Amino acid sequence: MDVSIDSELMEDDIIASNIDEHDNQSISPTENSEEEDHQDERKSDYKLGNEFEHDESYNDDLRSDDDRETSFDNNNNKNSENLEDMMNVQNTLSLNWVFGINKDIINGVHNLTCGPRKEVFYVAGHIGVIYKYNAREQILLQGHVNPITCVAVSEDKRWIVTADSGRDNMIIVWDSLKGIPVKTIFAPHEHGTQSIDISNDSLYISTLSITKDDEEQVLSIWEWTSERTTPLHSKKIPENNNQILVRFHPTDSKLLVSNGTKRVIFWGWRSQELIYHAPPVSSKDFRQPVGDFTYSAFITGTTLAATGTKDGELVLWQESTAENIESQDLCKMALKVVKIHQNAAINIITNINDYIVTGGDDGFVKFLDHKLRLEAWFEEFNEGPIMSISFDRAEEGNDDSSSYYGYNESIPSTKRTTTQSSNNSSTKIQALEEFKSPNFIVNTSAAVVLKVNSSAFIEYDSEKLRGELIVQGQEGPIQCLASHPRKQLVAISGLSGHLHLWDYVNKRVVQLSRFKNLFVSCIAYDPKGEYLVVSCTNGVVKVLDGNKLEEIQNFRPSRACILDLRFSHDSLCFAFTDSDNCVGIFRWGHRDDDERKPVEWVYLGRYRSHKKPITGLEFGIVPYGDVAQLMSVGEDKLLIEYNLQDSNVTEGIKIKSVHRISQTAIPTAFLWTRYDHLVQQYPNDTKEPDSLIFANSQYKITCFLTPYAKRDTRCVRTVLSPTFGGPLNRMIVVPNQQHDSDNNNAQQPKYLAYSTHEKVVGLIQLPLDGNQNKTMGLIAHSGEISDMCVSHDGKYLFTAGSDDFTVNQWAIRGEFLNSQKVSSQEAYVSLIEGGEHGKVRSQGEMTTNERKITGQVPLPQVPDLIRALGFYATEWEIHNLISELRMMMGYPGLGEHHGSNMTNKQASILEPAEIYVDFDSFIKVYVNHRPVFGIKKKDIQDAFVTLGADPLTGTIQNSHFFKLLMTQAEKMEESEIDGCLSILLDADVSHRTLDTQFTALEFAEGLLGFKKDDEEEDVYDEDGDGENELARYGQQQFEEDQVDHESQSHSSYDDDVEP
């Protein structure tokens, strides 16, 4: 556990104001605190926080190796280049706006309005948002890497406290006026924070820990304004009474109340110890059964406390006496239980003036006096359960409270009268006193924040009683995005069934549509922007007007979930993939191919073309033509081309060709582009009209030729992909923001945007060459990234966070990525050890002549050289590597006749000895082709299982093992096997003389020479600095997903699916 007081404010787009004059300001949360003298002893004079001094190592710059538990100090000698790199990364993709809100945090939305300040605070995933709703501006509080689970705001609206859960969890205290962090508490609890609150004097923070696996829960008190690195007080929660919420007393920071579903506990710490009292809560004590507890709060100006239940009851607690209680103000007993919300849980309880205010699952807000008599009610919101209620704060020194209470001078002070019906008669109930309350905001489970004028209750204005919408989000996980190809619009949809069309420049919703009882899985615009296609989890496909969102046609081509949608370049076709590993196609034309019938979208059929999940679907254009082509790639490592011209309603979808594009790497993303500079060009390269770009599970990006006529596809380039957080699963070319001044045409793109399955998005500077200094990545969301898209002008990147209910809008400033600190060659050399020792091979190992260091290696020596460096390449990989080296050295690549379907050593061609590879070229190709992760014992064990080892003992028969090596895949000759064994064992041996059976462990240690203590060592993390930690974590997540895919059954075929 560590606590950091951040320093040295860094300017950033998300910081609202300059605070130079406050740089050394001491924090004094309350001017007239009772403990002012005590604060001086705590040395509370420290600097305000650095926006990203701690955040960079956690959030934005994934290349940073800053210690996550380091207290940053201005006096430390920082590397200026590293700091500049961090700033460049932050500026390359800067968070511009957040759409959406985390609707499920109880009391997660807070009203910061005070006088002219019109602001509201809420949570969006792992980001805190201060929204100036009149000005439509956001201040974004970035620092967490996990979803924010709970928040609190000080009574004076100055300090915001946020906490999260998960690995690297933390608590951050923010200055709401400046939008900066002033205190960070690292790892306050092992798994994170369940509930948090800040005391009335703003000096203390209380937290409840999240527990797992029957762990003991802890309540802690933190003196955040001091330099303490541990809690001021901590106490374990009584056994089997885990709590879900903790709240301070509104006027006494030494008193707290917490509750779980079955127990309410009152806490105090007037002495040096945190003590508690848990009043009895049996049905006998209440004289009636009560539901599970949901929320508790003290009642301002009294000794009472209140607790809500899931059944809508409010339990009122009063003081009692007990001999065994050290502090009598902790001793409480139930005074009364009153049903407040009929058959609806009470989610929130708060105080304002002399009112107890409750919000429930029925969507109602009710104002009660201290005797639980109803004083006012707001029941017209119709937006679902109330999750938060927060009131305006009166401006200090302002005696005019008319605006604070929401009244106009022209409105008389009246009493609202209503009529309630009974079984036999109607009774008029008139308020005994005038209702007077500040204006307030409510947040509901429908992901909306409403501003409510309290005077609407007296005026009985039905329109005002519904509230004014100031924040609108999606109430379900966001699954899909689509950017309009010509306008500043982005469409957002997901499992809520809502489709929102946002003007992302003016930050307003321009169109809304809701699909009842449907869960939207993906959406796509056609290239002209005339149509927006919406697909759902149950296989429904809807074609909408691209601007009005009006439905034009409706289909159900599949019973499986639609996963992806793509349009052809001419807007005449669109295709989809589904969870049954099928591809379906629609074409614009006459119904039933009958020219007498109207022109519309016609469904041609679908085809189960892959045995494993489809990871990419792309339309392209026939080389040297203008006819659309369609291809898909799947986890089965197959690239399948569809015959669009011959596919029709009668005969269904036709397959044109099938290509294998990988031996072991699983394709994870697919991009088909006509740009000719996406990959680095070599002197002897033939200019191709387009390229097929694949990302795979081994952190590589490969470029293939497009199959055309009799030409097969083949790999022409392999480069290292970013390794920041898992394999790439999406790639999008970012349109160039500049235009040719002569003809106003867009110039060639400069950047490629990418995402991983979880957390990370980034940019790669084009052309692709494997140089990691031309890439960047940052944590965009705290969990899964469900989709991303780029604006038509290339200025913004949009990312959807699925379960965090948010979409982030990132401003793209690629120029910050262009500045190189080291040359490209230095970037490659820095990734390996050993330097230029390979030069000795140019004259062979046995020569007695004087050695001439030429800096070159004969091309035939390259396969042996890379194996000596630990890259045990297959013949397939050797073929691709040799071909690329030839092109780099100015020779033609290996023959066009060698395509993607070669599977053995016939693809490995020995090169004439006069071709030499210089050191720089070799290093570049070696770094790009070698595996990111080295071979471990577990890899060998997995291979043995694949080869048929006994599942119980792990043993495999000698004869069976070597027979497979000689007869399957890239076959080895018997003499070749014996030669390898002789080298490994340093003896003249044959495979026939080995043990009749052996295990993977015996094979690894006895033959391959693995040490017993290196099974987890990463060959390419030799310095042990953990650079590949994020990549390894991402790889682990990817492999877990593969297990999930393998476990899914796809045995049921629909009647309309061709086998």
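Just so it is clear, the structure is predicted and the values come from calculations on it, not from any experiment.

1. Some points on the overall build of the chain
Stage number 1. On a plain count of helices and strands, the chain comes out with 16 helices and 64 strands.
Stage number 2. Counting every position in the chain, which comprises 1059 residues, the buried fraction comes to 56%.
Stage number 3. Taking the intrachain contacts of the chain between residues at least 6 apart in sequence as the baseline, contacts between residues at least 24 apart amount to 57%.
Stage number 4. As presented, the chain carries roughly 46,300 Å² of accessible surface, and 45% of it is formed by carbon and sulfur atoms.

2. Brief notes about helix α13 (residues 958-967)
Each full turn of the α-helix corresponds to 3.6 residues, which orients residues three or four apart in the same direction.
Stage number 1. Taken as a whole, α13 has its buried residues at Asn958, Phe961, Phe962 and Leu964. Each buried residue of α13 sits inside an arc of 150° when the element is viewed along its axis, so together they form one side. In this structure, α13 carries Ser959 and Lys963 as exposed residues pointing more than 90 degrees from its buried face.
Stage number 2. Lining the buried residues of α13 we find α12 (937-947), β62 (955-957), α14 (974-985), β63 (997-999) and α15 (1000-1007).
Stage number 3. Downstream of α13 by one or two residues, alanine 969 has phi in the positive range, about 50°.

3. A few points about a negative patch on the surface
Stage number 1. A contiguous patch of negative charge, built from Glu190, Asp213, Asp214 and Glu215, is present on the exposed surface.
Stage number 2. The topology assignment puts glutamate 190 in the loop between β10 (180-186) and β11 (193-198).

4. Topic: a nonpolar patch on the surface
Stage number 1. Together, Leu572, Trp588 and Val599 give the surface a local cluster of nonpolar side chains, amounting to about 240 Å² of exposed area.
Stage number 2. Mapped onto the elements, leucine 572 comes out in the loop between β41 (562-567) and β42 (573-578).

5. So, α12
Stage number 1. Turning to α12, its buried residues number three or more, namely Lys937, Ile940 and Phe944. One face of α12 carries all of its buried residues, which in axial projection span an arc of 60°. Relative to its buried face, α12 has exposed residues pointing more than 90 degrees away, namely Lys938, Val945 and Thr946.
Stage number 2. Buried residues in α12 make contact with β62, α13, β63 and α15.

6. A short note on the sheet that holds strand β23 (residues 346-352)
Stage number 1. As summarised here, the arrangement of the four strands in space is β23-β24-β25-β26, forming an open sheet in which the pairing is antiparallel. This sheet does not close on itself; its edge strands, each paired only once, are β23 and β26 (374-378). Put simply, the sheet's adjacent strands are angled 20° from each other on average, direction ignored.
Stage number 2. Sheet topology note: the strand β25 (residues 365-368)/β26 ladder contains four bridges and is antiparallel. Pairing of leucine 368 across the sheet is with leucine 374, part of β26.

7. Some details on the pairing of strand β51 (residues 700-704)
Stage number 1. With five of five residues buried, β51 is to be regarded as a mostly interior element.
Stage number 2. Both faces of β51 are covered, namely the face carrying Lys700, Thr702 and Phe704 and the face carrying Ile701 and Cys703.
Stage number 3. Where strand β50 (residues 691-696) and β51 come together, four bridges link them in antiparallel fashion. What sits directly across from leucine 692, in β51, is phenylalanine 704.
Stage number 4. Turn length for the β50-β51 hairpin, with the two strands adjacent in sequence and antiparallel, is three residues, and the turn residue tyrosine 699 shows positive phi of about 60°.
Stage number 5. Note that β51 and strand β52 (residues 715-720) share five bridges and pair antiparallel. Paired with isoleucine 701 across the bridge in β52 is valine 719.

8. Things to note about the sheet that holds strand β2 (residues 93-100)
Stage number 1. Spatial strand order, β2-β59-β58-β57: four strands in an open sheet with antiparallel pairing. Edge positions in the open sheet fall to β2 and β57 (787-790), since each of these has one partner strand only. Going across the sheet, the axis of each strand differs from the next one's by a mean of 20°, ignoring polarity.
Stage number 2. Pairing between β2 and strand β59 (residues 806-812): seven bridges, direction antiparallel. Looking across to β59, one finds that leucine 93 is bridged to isoleucine 812.

9. Describing the nonpolar core
Stage number 1. Core analysis: the biggest nonpolar cluster contains 47 residues, and Leu93, Val120, Leu763, Leu797 and Phe798 have the highest contact counts within it.
Stage number 2. Discounting chain neighbours no more than four positions away, the residues touching leucine 797 are Leu93, Ala753, Val761, Met788, Cys789, Val790, Asn808, Gln809, Trp810 and Ile812.
Stage number 3. Formed by 45 residues, the second largest nonpolar core is a distinct cluster that contains Ala669, Leu728, Val917 and Tyr926.

10. Some thoughts on the side chain of threonine 92
Stage number 1. Among the secondary structure elements, threonine 92 is positioned in helix α3 (residues 80-92).
Stage number 2. What makes threonine 92 buried here is its relative accessible area of 0%.
Stage number 3. In contact with threonine 92, not counting residues within four places along its chain, are Leu763, Met776, Ala811, Ile812, Arg813, Gly814, Phe816 and Leu817.

11. Concerning the UniProt feature "repeat: WD" (unreviewed entry) in the chain
Stage number 1. In the numbering used here, UniProt assigns the feature "repeat: WD" (unreviewed entry) to residues 141-175.
Stage number 2. Spanning residues 141-175, this segment combines 0% helix with 57% strand, and its end C-alpha atoms are found 10 Å apart.

12. Topic: the packing of aromatic side chains
Each aromatic ring pair is summarised here by two numbers: the centre-to-centre distance and the angle between the ring planes.
Stage number 1. Per the stated rule, a full pass over the model turns up 44 aromatic pairs.
Stage number 2. A centroid spacing of 5.7 Å and a plane angle of 70° characterise the contact between tyrosine 504 and tyrosine 796, whose relative ring orientation is edge-to-face. Of this pair, tyrosine 504 sits in the loop between β35 (498-503) and β36 (508-514) while tyrosine 796 sits in strand β58 (residues 796-800), placing them 292 residues apart in sequence. As far as the burial class goes, tyrosine 504 and tyrosine 796 line up, both buried.
Stage number 3. Judged by centre distance (4.5 Å) and plane angle (10°), the ring pair of phenylalanine 574 and phenylalanine 586 falls under stacked. Of the two residues, phenylalanine 574 is situated in strand β42 and phenylalanine 586 in strand β43 (residues 582-590); the sequence distance between them amounts to twelve residues.
Stage number 4. Overall, phenylalanine 574 belongs to the buried group, its relative accessible area being 1%.
Stage number 5. Taking the relative accessible area as the measure of exposure, phenylalanine 586 reaches 0% and is therefore buried.

Scoring rules and cut-offs
Residues numbered from 1 in each chain as written. Predicted model: local features only at pLDDT ≥ 70, side-chain atom pairs only at ≥ 80, totals over all residues. Heavy atoms only, no water. Helix = DSSP H or I, 4+ residues; strand = E, 2+ residues; numbered from the N terminus. Buried < 20%, exposed > 50% of the residue type's maximum accessible area, 1.4 Å probe, protein only. Contact = heavy atoms within 4.5 Å. Areas by Shrake-Rupley, 256 points an atom, 1.4 Å probe, with all protein chains shown as cover. Arc of directions from axis to C-beta. Patch = residues over 30% accessible without salt bridge, like charges linked within 9 Å, V, L, I, M, F, W, Y side chains within 5 Å. Salt bridge = Lys/Arg side-chain N within 4 Å of Asp/Glu carboxyl O. Lys, Arg positive; Asp, Glu negative; His and termini not counted. Charge placed at Lys NZ, Arg CZ, Asp CG, Glu CD. Pairing = 2+ DSSP bridges. Axes fitted to C-alpha atoms, helices over the stretch in contact; angles between N-to-C directions. Core = buried A, V, L, I, M, F, W, Y, C linked by side-chain atoms within 4.5 Å. UniProt positions renumbered as here; feature names shortened; annotations may be inferred. Phe/Tyr/Trp six-rings, centres within 6.5 Å; stacked < 30°, edge-to-face > 60°.

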